[in-house]
Amino acid sequence: MLCERCGKRPATVHVTRIVNEEKSELHVCAECAAQEQQELGFPAEPIHHLLGELLNYEDWFAGRGRPVEAGARCRGCGLTFKQFTRSGLLGCARCYEEFASRLDPLLQRMHGATSHRGKVPRRQGGALSLRRQAESLRQQLEEAVAAEEYERAARLRDQIRELERQLGRRR
């Protein structure tokens, strides 16, 4: 697919805009994307550079977990935490474990969670959604029982049973 803006280079950047609940998509080359980014007033740096800058704010991490020493190194790829803060890019999957005490607060702040809850294939989506709902209701049930809110706990128990019944029919 060619760039929709210049029509000369391959489109490698795909932008989705939602303005006033109207969704539009734009497929552009890297050069036109940079130009578009500047026209909209966004920084010209790639997002991973911005992430690296965010990591330099020590107050985000104050009092959260054990600190990662400046010379801490991933045992998987050898990346140091300092290198990560400069580039904003992790070297391998093990980096998440090695630098967890510093990454978890950042991910929580940015995404509202530290575990991925992304898209699910449509044919699996219904059952997975029901399982996630049931999991959430079980957690709420435990909290209701601990708080001795037995009427609420009974309603939650009934909702869980209904979800489990629906899951049984899908099998």
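Residues numbered from 1 in each chain as written. Predicted model: local features only at pLDDT ≥ 70, side-chain atom pairs only at ≥ 80, totals over all residues. Heavy atoms only, no water.

Q: Teacher, can you tell me more about the nonpolar core here?
A: One broad trend across soluble globular proteins is that nonpolar side chains are buried collectively. Of all hydrophobic cores here, the largest spans 10 residues; its members are Ala 127, Leu 130, Ala 134, Leu 137, Ala 144, Ala 153, Leu 156, Ile 160, Leu 163 and Leu 167. If we skip the residues at most four places from it in the chain, Ala 153 touches Leu 141, Ala 144 and Val 145. Counting residues in each nonpolar core, the second largest holds 8 residues, with Ala 72, Phe 81, Phe 99 and Leu 103 among its members. (Core = buried A, V, L, I, M, F, W, Y, C linked by side-chain atoms within 4.5 Å. Buried < 20%, exposed > 50% of the residue type's maximum accessible area, 1.4 Å probe, protein only. Contact = heavy atoms within 4.5 Å.)

Q: Whenever I open this one, the pairing of strand β1 (residues 13-19) confuses me. Can you help?
A: The side chains of a regular strand alternate between the sheet's two faces. Strand direction decides the pairing type here: β1 and strand β2 (residues 22-28), joined by 7 bridges, are antiparallel. What sits directly across from Val 19, in β2, is Glu 22. With antiparallel pairing between neighbouring strands as the criterion, β1 and β2 make up a hairpin whose turn holds 2 residues, including Asn 20 at a positive phi of roughly 50°. (Pairing = 2+ DSSP bridges. Helix = DSSP H or I, 4+ residues; strand = E, 2+ residues; numbered from the N terminus.)

Q: It is not clear to me how the environment of Glu 142 should be interpreted in this structure. Could you clarify?
A: In this structure, Glu 142 sits in helix α6 (residues 122-146). A relative accessible area of 55% places Glu 142 in the exposed class.

Q: Help me out: how do you make sense of the pattern of salt bridges in this one?
A: Side chains bearing opposite charge may pair, as long as their charged atoms lie close to each other. Taken as a whole, this structure holds 8 salt bridges when the rule is applied. Ionic pairing is found between Arg 157 and Asp 158, a salt bridge with its closest N-O pair at 3.1 Å. Look at Asp 158 and you get partly exposed, because its relative accessible area is 40%. Glu 162 serves as the salt-bridge partner of Arg 165, at 2.4 Å between the closest nitrogen and oxygen. With Arg 165 and Glu 162 both in helix α7 (residues 150-170) and 3 residues apart, this pair spans about one turn of that helix. Among the charged side chains, a salt-bridge network with shared partners connects Arg 75, Arg 94 and Glu 98. (Salt bridge = Lys/Arg side-chain N within 4 Å of Asp/Glu carboxyl O.)

Q: Where do I start with the side chain of Glu 98 in this structure?
A: On the secondary structure map, Glu 98 appears in helix α4 (residues 94-98). Look at Glu 98 and you get buried, because its relative accessible area is 15%. Within the structure, Glu 98 has its side chain in polar contact with the side chain of Arg 75 (distance 3.0 Å). With residues near it in sequence (within four places) discarded, Glu 98 still touches Arg 73, Cys 74 and Arg 75. (Polar contact = N/O pair within 3.5 Å; in protein donor to acceptor, adjacent residues only side chain to side chain.)

Q: Sorry if this is basic, but what is going on with the side chain of His 27 here?
A: Checked against the element boundaries, His 27 lands in strand β2. Engagement of the side chain of His 27 in a polar contact is seen with the side chain of His 14, the distance being 2.5 Å. Not counting chain neighbours up to four residues away, the residues in contact with His 27 comprise Met 1, Leu 2, Cys 3, Glu 4, Ala 11, Val 13 and His 14.

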